[in-house]
Amino acid sequence: MALTLMKGSEAIAEAAIRAGARFFFGYPITPQTEIPEYMSARMPEIGGCFLQAESEVAAINMVYGAAGTGARVITSSSSPGVSLKQEGISYCAGARVPAVIVNVMRGGPGLGNIQASQGDYFQGVKGGGNGDYHLLTYAPSSIQEFIDIMMFAYEKAEKYRIPVLFLADGIIAQMMEPVELPEMVDYKVDPEEKPWACTGWKPGDDPAKRGVINSIYIDTESLAVHNDELQAVYKEVVANEQMVETYNCEGAEYIITAFGTVARIAKSAIAELKAKGINVGLVRPITVWPFPYDAVREAACPKVFIPNLGTDPELFGLTVQDQVAYLLRFGADGCPAGQALNWLLVDEDESRYPGGIPYEWLARLGIRVRKAHLVSEPPYLDAGLLCRELLGDWK
């Protein structure tokens, strides 16, 4: 099939359409506004429904209603907008309504800025709204991978009856790449395959087969049973749906673990380091929930790096006991050539590692900590250069 040069936002929208989505409800917010813009033109062409809601809150509740009929529905937003959607997402999870949600992450907290970020990681993998629930959460690193995953995302959502979330930083949405688009899926709602869905009921039908979409269980015992059922589903997802890429890990002296576009930058650094005789591997979680902990631990050597577009040193839930030595944060306020850092390691005036871990704890594990001045303004540091400097120092 021929390659087509497409912008990320437009490719995401087209992939959802080709996967069978016929309903889009959303609200414009940078850097994902091109998704609803594309949908506004494309949905009428295929007999679908595009509706710009009056708010993100309204949009996610429209998703809740339409997906409750068994239709394939999608919404997209960016960090602050996804925060507004959390109540409705929790409703969807509680009512076990399958849908696809795209979060094109931008800087935060609060309104933050419109540059790329990965700061919504915990919100994505911990549910985000109230109650004990999870979303099957993918973090593609390229436009093509986003398309490929989208083509089975609805199948996974419908299999487990849970919402699927895509965590995509703004880089993926705004960049352009040649992609291969799949054939259109001929999807129609089958009431026999989706007996839970509200597909129509008329007098004379069996009342027991009436579809009821609901997330409220007033009786305490009923809610406990419902939550037990949800947890059983999540255990099944954890057992069956982990996706991970390992790259150059065999015999690696150092391991980088990263997701999304940052993992692509890491591969460039790995190639540069390999030319210098330093063997570095990459573990890239494709599903960040369920997170492939075992794959990371199996690949882990004494030196693990976690580059990301957020700020939290406890990213991925890997602790100092997992021998995480450094967290390298890529600049959230602009990355020249996609390879920049706006702070490195730890401030030399501080006595503790980011996250409050005392240096002596790291020393007991044989992990060396290199102190450095906080760099919060340009000029930025080249990521490959920094890696070579750090790894060379450890040599």
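Preceding block: the structure.
Throughout this description, residue numbers start from 1 for each chain and increase along the sequence as written. Totals for whole chains, interfaces and linings use all residues, but because this is a predicted model, local features are given only for residues with pLDDT of at least 70 and pairs of side-chain atoms are given and counted only at 80 or more. As a convention, hydrogens and water are excluded, and side-chain values are obtained from all of the structure's heavy atoms.

Before going further, it helps to spend a moment on the overall build of the protein chain. Secondary structure is summarised from DSSP: a helix means a run of H or I of at least four residues, a strand means a run of E of at least two, and numbering begins at the N terminus for each. Within the protein chain, the secondary structure is distributed over 13 helices and 20 strands. Counting the 395 residues in the protein chain, one finds 52% classified as buried. Contact between two residues is taken to exist if any of their heavy atoms lie within 4.5 Å; hydrogens are not considered. Within the protein chain, contacts between residues separated by at least 24 positions form 76% of all contacts whose residues are at least 6 apart in sequence. Shrake-Rupley sampling with a 1.4 Å probe provides the accessible areas, and residues are treated as covered by the protein chains on show and by no other component. Accessible surface, the protein chain as shown: approximately 17,300 Å² in total, 52% of it carbon and sulfur. Partly exposed residues are those whose accessible area sits between 20% and 50% of the maximum for their type, while under 20% is buried and over 50% is exposed, using a 1.4 Å probe and protein chains only.

Across the five residues of strand 4 (residues 73–77), five count as buried, placing the element largely inside the fold. The alternating pattern of strand 4 places Val73, Thr75 and Ser77 and Ile74 and Ser76 on opposite faces, both of which are buried. Strand direction decides the pairing type here: strand 2 (residues 23–26) and strand 4, joined by two bridges, are parallel. Looking at strand 4, one finds that Phe23 is bridged to Val73. If DSSP finds at least two bridges between two strands, the strands pair. Where strand 4 meets strand 5 (residues 100–105), four bridges bridge the pair, whose relative direction is parallel.

A word on helix 2 (residues 34–45). Over its 12 residues, helix 2 runs 17 Å from end to end, which matches the ideal 16 Å to within 8%, given 1.5 Å per residue. Backbone geometry just downstream of helix 2 places Gly47 in the positive-phi region, at approximately 75 degrees. The span one expects for a helix is its residue count, reduced by one, times 1.5 Å.

Here we come to helix 10 (residues 261–275). For helix 10, spanning 15 residues, the distance from its first C-alpha to its last is 22 Å, which sits close to the expected 21 Å at 1.5 Å a residue. Inspection of helix 10 places Thr261, Val262, Ala263, Ile265, Ala266, Ala269, Ile270 and Leu273 among the buried residues, and these make up the whole buried set. Looking one or two residues past helix 10, Gly277 carries a phi angle of roughly 85 degrees, positive in sign.

The axes used here are C-alpha line fits, helices contributing only the stretch in contact, and every angle between their N-to-C directions lies in the interval 0 to 180 degrees. As a packed pair, helix 3 (residues 56–67) and helix 5 (residues 86–95) sit with axes 8 Å apart at the nearest point and diverge in direction by 15 degrees. It follows from the interaxial angle that helix 3 and helix 5 lie roughly parallel. Crossing hand, helix 3 versus helix 5: right-handed. Packed against helix 3, whose contacting residues are Ile60, Asn61 and Tyr64, the element helix 5 presents Gly88, Ile89, Tyr91, Cys92 and Ala95 at the interface. Classifying every residue of the contact of helix 3 with helix 5 gives six nonpolar, two polar and no charged. Put simply, angles under 35 degrees are roughly parallel, angles over 145 are roughly antiparallel, angles from 65 to 115 are roughly perpendicular, and the rest are oblique. By convention, the crossing between two helices is left-handed when the near helix turns anticlockwise from the far helix through less than a right angle, and right-handed when the turn is clockwise. Classification convention: Asp, Glu, Lys, Arg as charged; Ala, Val, Leu, Ile, Met, Phe, Trp, Tyr, Cys, Pro as nonpolar; all other residues, Gly among them, as polar.

Our focus in this paragraph is the side chain of Lys85. Note on placement: Lys85 falls in the loop between helix 4 (79–84) and helix 5. Charge convention: Lys and Arg are scored as positive, Asp and Glu as negative, and His as well as the terminal groups of each chain are ignored. Note on definitions: salt bridges are taken to be side-chain nitrogens of Lys or Arg within 4 Å of carboxyl oxygens of Asp or Glu. Although Lys85 lies buried, it forms no salt bridge, and the closest oppositely charged side chain, Glu56, sits 6.6 Å away as judged by the N-O distance. Among residues more than four places away in sequence, those in contact with Lys85 are Glu56, Ala59, Ile60, Thr75, Ser76 and Ser77.

Our focus in this paragraph is the environment of Val82. When you line up the elements, Val82 lands in helix 4. Separated by 41 residues in the primary sequence, Val82 and Gln123 place their C-alpha atoms 9.5 Å from one another. Setting aside anything within four residues of it in sequence, one finds Val82 in contact with Ser77, Asn103 and Gln123.

We now examine the packing of aromatic side chains. Stacked, tilted and edge-to-face are the three classes assigned to paired rings of Phe, Tyr and Trp, where Trp is represented by its six-membered ring and a pair needs centres within 6.5 Å; plane angles under 30 degrees give stacked, over 60 edge-to-face, the rest tilted. For the coordinates displayed, the defined rule picks out 10 aromatic pairs. Consider the rings of Tyr138 and Phe166, whose centres lie 5.7 Å apart with planes at 35 degrees: the pair is tilted. Residue Tyr138 is found in strand 6 (residues 136–138), and its partner Phe166 is found in strand 7 (residues 164–169); the two are separated by 28 residues along the sequence. Given the relative accessible area of 0%, Tyr138 is considered buried. These aromatic residues form a ring-pair network of at least three members: Tyr138, Phe146, Phe152 and Phe166. Charges are assigned to positions over rings by a cutoff of 6 Å between ring centre and Lys NZ or Arg CZ, combined with an angular limit of 35 degrees from the ring normal. Between the NZ or CZ atom of Arg72 and the centre of the ring of Tyr187, over which it lies, the distance is 4.0 Å.

Let us look at the sheet that holds strand 12 (residues 287–289). Judged by pairing direction, the sheet is mixed, and its seven strands sit side by side in the order 3-2-4-5-7-6-12 without closing on themselves. What marks the edges here is a single partner per strand, and that holds for strand 3 (49–52) and strand 12. Shown here is a sheet whose adjacent strand axes are inclined to one another by a mean of 20 degrees, direction ignored. Along the sheet, helix 7 (residues 143–160) contacts strand 4, strand 5, strand 6 and strand 7; its crossing angle with strand 7, the most-contacted strand, is approximately 160 degrees.

Moving on, we get to empty space enclosed by the protein. In this analysis the probe radius is 1.4 Å and the grid spacing 1 Å, with only protein atoms considered; a cavity is a set of points the probe fits into but cannot get out of, a pocket is an open set with protein on both sides within 12 Å along at least five of seven lines, and lining residues have an atom within 4 Å of a point. Grid points are joined across faces, edges and corners, and a volume is the space filled by probe spheres set on the points. Under the criterion given, the structure shown has two cavities of 30 Å³ or more. Reported here for the second largest cavity is a volume of approximately 50 Å³. Mapped by element, the contributors of at least two residues to the lining of the second largest cavity are helix 5, helix 6 (121–125) and strand 7.

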